Amino acid sequence: MSADLQMNERDATLGDPYAASEDTRLARLEQIIRSIPHVMEILTTVRDLDLPDAWLVSGGIYQTVWNVLTNRPMLHGIKDFDIIYFDGQDLSYEAEDAVIGKVNEALPEWVSLLEVRNQARVHLWYQQRFGRPYRPLDCAMDSLTTYASRTHAVAARLTQDGRMLLQAPFGLANLFGMRLVPNYTQPNPETYGEKAERMKALWPELTVVPWESA
(Lines give C-alpha, C1' and ligand atoms only; values in the text may rest on other atoms or scores of the structure.)
Protein backbone atom coordinates (compact mmCIF):
# COMPACT_ATOMS: atom_id res chain seq x y z
CA MET A 1 0.00 0.00 0.00
CA SER A 2 1.40 3.41 -0.99
CA ALA A 3 2.18 6.17 1.48
CA ASP A 4 -0.32 8.44 -0.34
CA LEU A 5 -3.11 5.89 0.03
CA GLN A 6 -2.29 5.45 3.69
CA MET A 7 -2.42 9.21 4.15
CA ASN A 8 -5.81 9.43 2.46
CA GLU A 9 -7.26 6.62 4.55
CA ARG A 10 -6.07 8.40 7.68
CA ASP A 11 -7.55 11.69 6.52
CA ALA A 12 -10.85 9.99 5.67
CA THR A 13 -11.52 9.46 9.36
CA LEU A 14 -11.40 13.23 9.83
CA GLY A 15 -14.62 13.55 7.84
CA ASP A 16 -16.51 11.63 10.49
CA PRO A 17 -17.48 14.08 13.25
CA TYR A 18 -17.42 11.22 15.78
CA ALA A 19 -14.19 9.50 14.69
CA ALA A 20 -11.87 12.47 15.31
CA SER A 21 -11.85 15.60 17.41
CA GLU A 22 -12.05 19.10 16.00
CA ASP A 23 -8.59 19.77 17.44
CA THR A 24 -7.25 16.88 15.35
CA ARG A 25 -8.87 18.33 12.24
CA LEU A 26 -7.46 21.78 12.98
CA ALA A 27 -3.98 20.33 13.45
CA ARG A 28 -4.22 18.44 10.16
CA LEU A 29 -5.46 21.54 8.34
CA GLU A 30 -2.51 23.54 9.62
CA GLN A 31 -0.15 20.74 8.58
CA ILE A 32 -1.57 20.75 5.05
CA ILE A 33 -1.46 24.54 4.72
CA ARG A 34 2.13 24.73 5.93
CA SER A 35 3.13 22.10 3.36
CA ILE A 36 1.90 24.17 0.37
CA PRO A 37 4.50 26.84 -0.56
CA HIS A 38 2.23 29.18 -2.52
CA VAL A 39 -0.43 29.22 0.21
CA MET A 40 2.24 30.03 2.79
CA GLU A 41 3.59 32.77 0.52
CA ILE A 42 0.15 34.38 0.37
CA LEU A 43 -0.36 34.10 4.12
CA THR A 44 3.09 35.50 4.88
CA THR A 45 2.60 38.41 2.48
CA VAL A 46 -0.81 39.29 3.88
CA ARG A 47 0.66 39.28 7.37
CA ASP A 48 3.61 41.44 6.35
CA LEU A 49 1.33 43.98 4.66
CA ASP A 50 -0.34 44.43 8.06
CA LEU A 51 -3.86 44.82 6.67
CA PRO A 52 -6.53 45.19 9.36
CA ASP A 53 -8.21 41.93 10.36
CA ALA A 54 -6.94 40.17 7.23
CA TRP A 55 -7.42 36.47 6.42
CA LEU A 56 -7.15 33.99 3.58
CA VAL A 57 -10.54 32.32 3.31
CA SER A 58 -12.69 29.80 1.49
CA GLY A 59 -11.62 28.15 -1.78
CA GLY A 60 -7.90 28.66 -1.57
CA ILE A 61 -8.02 26.65 1.65
CA TYR A 62 -10.74 24.01 1.32
CA GLN A 63 -10.00 23.28 -2.35
CA THR A 64 -6.32 22.91 -1.51
CA VAL A 65 -7.29 20.34 1.11
CA TRP A 66 -9.46 18.49 -1.42
CA ASN A 67 -6.55 18.38 -3.85
CA VAL A 68 -4.34 16.90 -1.15
CA LEU A 69 -7.00 14.34 -0.21
CA THR A 70 -7.50 13.27 -3.83
CA ASN A 71 -3.85 13.49 -4.96
CA ARG A 72 -4.56 16.20 -7.55
CA PRO A 73 -2.27 19.09 -8.59
CA MET A 74 -2.33 21.82 -5.96
CA LEU A 75 -3.95 24.44 -8.22
CA HIS A 76 -6.57 22.10 -9.64
CA GLY A 77 -9.96 23.79 -9.65
CA ILE A 78 -8.87 26.84 -7.64
CA LYS A 79 -10.62 29.85 -9.15
CA ASP A 80 -9.16 32.40 -6.77
CA PHE A 81 -7.49 33.01 -3.44
CA ASP A 82 -9.90 35.13 -1.40
CA ILE A 83 -8.17 37.63 0.87
CA ILE A 84 -10.53 39.50 3.15
CA TYR A 85 -9.87 42.32 5.60
CA PHE A 86 -11.98 44.69 7.66
CA ASP A 87 -11.49 48.45 7.56
CA GLY A 88 -14.51 50.22 8.98
CA GLN A 89 -12.76 53.60 8.96
CA ASP A 90 -12.81 54.07 5.19
CA LEU A 91 -15.62 52.43 3.22
CA SER A 92 -14.73 54.04 -0.10
CA TYR A 93 -14.07 52.07 -3.25
CA GLU A 94 -10.87 54.06 -3.70
CA ALA A 95 -9.47 52.87 -0.37
CA GLU A 96 -10.30 49.26 -1.18
CA ASP A 97 -8.80 49.61 -4.64
CA ALA A 98 -5.56 50.92 -3.10
CA VAL A 99 -5.36 47.83 -0.89
CA ILE A 100 -6.02 45.59 -3.90
CA GLY A 101 -3.14 47.28 -5.71
CA LYS A 102 -0.86 46.85 -2.71
CA VAL A 103 -1.59 43.13 -2.48
CA ASN A 104 -1.20 42.63 -6.23
CA GLU A 105 2.16 44.41 -6.17
CA ALA A 106 3.36 42.21 -3.33
CA LEU A 107 2.20 38.98 -5.02
CA PRO A 108 2.76 39.59 -8.76
CA GLU A 109 2.88 35.88 -9.62
CA TRP A 110 -0.63 35.35 -8.27
CA VAL A 111 -2.42 38.51 -9.42
CA SER A 112 -4.81 36.66 -11.74
CA LEU A 113 -5.97 34.48 -8.83
CA LEU A 114 -6.26 37.09 -6.08
CA GLU A 115 -9.62 38.39 -4.86
CA VAL A 116 -9.20 41.09 -2.20
CA ARG A 117 -12.24 42.63 -0.50
CA ASN A 118 -12.92 44.91 2.46
CA GLN A 119 -15.70 43.13 4.37
CA ALA A 120 -16.77 46.39 6.02
CA ARG A 121 -18.21 47.63 2.72
CA VAL A 122 -19.79 44.47 1.24
CA HIS A 123 -23.28 45.61 2.25
CA LEU A 124 -22.83 48.71 0.07
CA TRP A 125 -22.71 46.76 -3.21
CA TYR A 126 -24.11 43.31 -2.46
CA GLN A 127 -27.78 44.01 -3.16
CA GLN A 128 -27.09 45.68 -6.48
CA ARG A 129 -25.00 42.71 -7.58
CA PHE A 130 -27.02 39.82 -6.15
CA GLY A 131 -30.52 41.26 -5.79
CA ARG A 132 -30.93 40.80 -2.04
CA PRO A 133 -29.88 42.78 1.03
CA TYR A 134 -26.81 42.02 3.09
CA ARG A 135 -26.39 43.18 6.65
CA PRO A 136 -23.34 45.25 7.65
CA LEU A 137 -20.68 43.00 9.12
CA ASP A 138 -18.95 43.49 12.47
CA CYS A 139 -15.57 42.01 11.54
CA ALA A 140 -13.90 39.96 8.84
CA MET A 141 -14.82 36.63 10.45
CA ASP A 142 -18.48 37.64 10.56
CA SER A 143 -18.52 37.12 6.78
CA LEU A 144 -17.85 33.38 7.14
CA THR A 145 -21.33 32.86 8.58
CA THR A 146 -22.91 34.19 5.36
CA TYR A 147 -21.21 31.89 2.82
CA ALA A 148 -23.52 29.78 0.64
CA SER A 149 -22.04 26.57 2.05
CA ARG A 150 -20.96 25.82 5.58
CA THR A 151 -18.11 23.82 4.05
CA HIS A 152 -16.67 27.02 2.58
CA ALA A 153 -16.46 28.76 5.94
CA VAL A 154 -12.78 28.38 6.77
CA ALA A 155 -10.08 30.99 7.28
CA ALA A 156 -6.38 31.19 8.09
CA ARG A 157 -3.87 33.86 9.02
CA LEU A 158 -0.33 34.06 10.37
CA THR A 159 0.65 36.02 13.45
CA GLN A 160 3.81 38.08 13.68
CA ASP A 161 5.51 35.29 15.63
CA GLY A 162 4.63 32.68 13.01
CA ARG A 163 1.67 31.01 14.69
CA MET A 164 -1.24 30.04 12.46
CA LEU A 165 -4.74 31.06 13.44
CA LEU A 166 -7.60 29.05 11.95
CA GLN A 167 -11.33 29.74 12.00
CA ALA A 168 -14.14 27.39 10.96
CA PRO A 169 -17.45 28.42 12.57
CA PHE A 170 -19.25 25.29 11.32
CA GLY A 171 -16.36 22.93 12.00
CA LEU A 172 -14.11 21.05 9.58
CA ALA A 173 -15.75 17.61 9.38
CA ASN A 174 -17.56 18.48 6.14
CA LEU A 175 -14.37 19.83 4.59
CA PHE A 176 -12.43 16.64 5.31
CA GLY A 177 -15.44 14.48 4.47
CA MET A 178 -15.73 16.25 1.09
CA ARG A 179 -19.36 17.14 1.74
CA LEU A 180 -20.87 20.35 0.42
CA VAL A 181 -23.53 21.45 2.92
CA PRO A 182 -25.87 24.45 2.54
CA ASN A 183 -25.80 27.43 4.86
CA TYR A 184 -29.25 28.98 5.30
CA THR A 185 -28.05 32.21 6.90
CA GLN A 186 -28.34 33.88 3.48
CA PRO A 187 -31.03 32.81 0.95
CA ASN A 188 -28.50 31.61 -1.60
CA PRO A 189 -29.95 28.52 -3.34
CA GLU A 190 -28.92 29.71 -6.80
CA THR A 191 -25.36 30.49 -5.74
CA TYR A 192 -25.14 27.22 -3.85
CA GLY A 193 -26.42 25.25 -6.84
CA GLU A 194 -23.98 26.89 -9.24
CA LYS A 195 -21.03 26.27 -6.95
CA ALA A 196 -22.10 22.70 -6.29
CA GLU A 197 -22.31 21.91 -10.00
CA ARG A 198 -18.87 23.36 -10.69
CA MET A 199 -17.22 21.63 -7.74
CA LYS A 200 -18.82 18.24 -8.40
CA ALA A 201 -17.39 18.36 -11.92
CA LEU A 202 -13.92 19.17 -10.60
CA TRP A 203 -13.99 16.82 -7.59
CA PRO A 204 -16.31 13.89 -8.47
CA GLU A 205 -15.66 12.43 -5.00
CA LEU A 206 -17.65 15.31 -3.51
CA THR A 207 -21.01 14.63 -1.86
CA VAL A 208 -23.46 17.49 -2.42
CA VAL A 209 -26.25 17.90 0.11
CA PRO A 210 -29.20 19.49 -1.76
CA TRP A 211 -30.23 22.92 -0.56
CA GLU A 212 -33.75 21.91 0.44
CA SER A 213 -32.80 18.76 2.37
CA ALA A 214 -30.11 20.01 4.73
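This structure is a prediction, so every number in the text was calculated from the model and none was measured. (Residues numbered from 1 in each chain as written. Predicted model: local features only at pLDDT ≥ 70, side-chain atom pairs only at ≥ 80, totals over all residues. Heavy atoms only, no water.)

A. Here's a closer look at the layout of surface pockets. Taken as a whole, the largest pocket holds about 1000 Å³ of empty space. Together, 31 residues line the largest pocket, and Asp82, Arg129, Phe130, Thr191 and Lys195 are the ones closest to its centre. Elements with a contribution of two residues or more to the lining of the largest pocket: α4 (59-69), β2 (81-85), β3 (114-118), α6 (122-130) and α8 (189-202). Residue classes in the lining of the largest pocket are distributed as 12 nonpolar, 9 polar and 10 charged. Estimated volume of the second largest pocket: approximately 150 Å³. Val46, Arg47, Ala54, Arg157 and Leu158 are, among the 13 residues lining the second largest pocket, the residues nearest its centre. Counting only elements with at least two residues in the lining of the second largest pocket, the list comes to α3 (37-49), β1 (55-57) and β4 (155-158). Among the residues making up the lining of the second largest pocket, the classes are represented as 8 nonpolar, 2 polar and 3 charged. (1 Å grid on protein atoms, 1.4 Å probe; cavity = no way out; pocket = protein on both sides within 12 Å on 5 of 7 lines; lining within 4 Å. Points joined across faces, edges and corners; volume = space filled by probe spheres on them. Helix = DSSP H or I, 4+ residues; strand = E, 2+ residues; numbered from the N terminus. Nonpolar A, V, L, I, M, F, W, Y, C, P; charged D, E, K, R; others polar.)

B. Fine view of α4. Most of α4 is tucked away: 11 of the 11 residues are buried. Just beyond α4, the residue with positive phi is asparagine 71, at close to 60 degrees. (Buried < 20%, exposed > 50% of the residue type's maximum accessible area, 1.4 Å probe, protein only.)

C. Spatial organisation of the nonpolar core. Leu29, Ile33, Leu43, Trp66 and Phe176 are the most contacted members of the largest nonpolar core, which totals 50 residues. The element best represented in this core is α4, accounting for 6 residues. Ignoring sequence-local partners within four residues, the contact set of leucine 43 consists of Ile33, Leu56, Ala156, Arg157, Leu158 and Met164. Membership of the second largest hydrophobic core comes to 15 residues, among which are Val57, Leu137, Met141 and Leu144. (Core = buried A, V, L, I, M, F, W, Y, C linked by side-chain atoms within 4.5 Å. Contact = heavy atoms within 4.5 Å.)

Take it as geometry only, folks, not as evidence of what the structure does.
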